[in-house]
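# Structural features, examined
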Amino acid sequence: TTLFRSFCSRTATMVFKRYVQIGRVAYISFGPHAGKLVAIVDVIDQNRALVDGPCSGVKRQAMPFKCMQLTDFVLKFPHSARQKCVRKAWEKENVNDKWALTRWAKKIDAKDKKSKMTDFDRYRVMKAKKMRNKIIKHEMKKLQKESSKKA
Amino acid sequence: TTLFRSPATVSKPVGGDKNGGTRMVKLRKMPRYYPTEDVPRKLLSHGKKPFCQHRRKLRPSITPGTVLILLNGRHRGKRVVFLKQLASGLLLATGPLVLNRIPLRRAHQKFVIATSTKIDISTVKIPKHLNDSYFKKKKLRKPKHQEGEIFDTEKEKYELTEQRKEDQKMVDSQLLPLIKKEPQLRGYLRSTFSLSNGVYPHKLVF
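Reference entry: report on the structure contained in this document. (Residues numbered from 1 in each chain as written. Chains lettered and ligands numbered in written order. Predicted model: local features only at pLDDT ≥ 70, side-chain atom pairs only at ≥ 80, totals over all residues. Heavy atoms only, no water.)

## Considering helix H2 (residues 83–93) of chain A
Residues and elements named next belong to chain A. Note the threshold: Residue burial is assigned from relative accessible area. The probe radius is 1.4 Å, only protein chains are included, and a residue is buried under 20% of its type maximum, exposed over 50%, and partly exposed in between. Strands are runs of DSSP state E lasting at least two residues, helices are runs of H or I lasting at least four, and both sets are numbered from the N terminus onward. Arc definition: it is the arc formed by the directions from the helix axis to the C-beta atoms.
Restricting attention to buried positions, one finds in H2 the residues Val 86, Ala 89 and Trp 90. Seen along its axis, H2 keeps its buried residues to an arc of 100°; they face one direction. Counted as exposed and oriented over 90 degrees from the buried face of H2: Lys 84, Lys 88 and Lys 92. Just downstream of H2 lies Asn 94, where phi reads positive at about 60°.

Put into structure tokens, the structure is as follows:
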């Protein structure tokens, strides 16, 4: 149905929301710089972009689009701007803090923590979940009882 | 010009008429016997040490005070506190008894998972008489009677001795306050380890 919608009224719903553009901040999903954020500085050809991550420890380099996942953040700098300009734009937008607040970054962090759990941690998580579910069930039963009394 | 070397020959006087008064005698003579093998043959038992002289290794992840997960025996899946490695290479561990009914017991290093949870055991004194001979299973073998008569060995059932109870109490009384200090550690030692769907041991971090 979304495809039909986009044919009918192209302006209303676009299939793609994030575009590769100068200043687009991307998350690197695999490779030597996996897990870092970079800004697209220029497009080299169909498969590669010139990319720079001054505030995330990625040197200015060519990077294939395949390993980049676009985020919602776009910075303002002209194409082929030098690292100093990219850094200024990055810090002006405060991308690092905004990224840490997104659900995406929080999910990555949670997955990372889960994989590092030790045996003792797993036990503690089990106990905490049990306690929480008990409280929830208790409240649910109370509400059910009240509603059944009314009916 | 030749380098000076210590003299290889010496002239010694020789008796006898018309012998030419001296002989040149070599100071460093050739050997009079050559063994037929260059290196003496090694004994068949070469490099084979008896068990008591074997080199015992301990995995670096196992240190005194580590919580271990037992994988075999009647206590499989239970979590246990490691005390020390005995002379035979087996690990001495205790439940403690009040938490999971595991007494002072030996465990094999290969059949144990070492977790990263550690208790500081430096203040715990383990009595010196707890060694392999203390824990070894006792067998009474004196069948001077006919074989047809006696088929049940004299000590089939294990009997708890008072000494075991005392030693258990002595070690556990030092361990339990240390365990109580760490929150939830008591419950952790009481629980057992098990696998379930989607849990792969090679992916787990212990």
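## Looking at the sheet that holds strand E4 (residues 58–64) of chain A
Residue and element names in this part refer to chain A. This is how the line gets drawn: Two strands qualify as a pair provided DSSP detects at least 2 bridges between them. Structural elements are reduced to axes, namely lines fitted to C-alpha atoms, with helices fitted over the stretch in contact, and the angle between N-to-C directions of any two is expressed from 0 to 180 degrees. The criterion used for residue contact is that any of the two residues' heavy atoms lie within 4.5 Å.
The sheet built from five strands is open, its strands ordered E4-E3-E2-E1-E5 with antiparallel pairing. The open sheet has two edge strands with one neighbour each: E4 and strand E5 (68–74). In this sheet, adjacent strand axes meet at a mean angle of 40° when their direction is disregarded. For strand E1 (residues 24–28) and strand E2 (residues 37–43), the ladder comprises three bridges, and the chain directions are antiparallel. Bridged to Tyr 27 within E2 is Leu 37. Helix-sheet contacts for H2 involve E1, E2, strand E3 (48–53) and E4, and the interaxial angle to E2 is about 130°.

## Comments concerning the side chain of Gln 168 of chain B
Its place among the elements puts Gln 168 of chain B in helix H3 (residues 162–181). Here Gln 168 of chain B is in contact with Thr 94, Leu 97, Ile 102, Pro 103 and Leu 104 of chain B, once residues within four sequence places are set aside.

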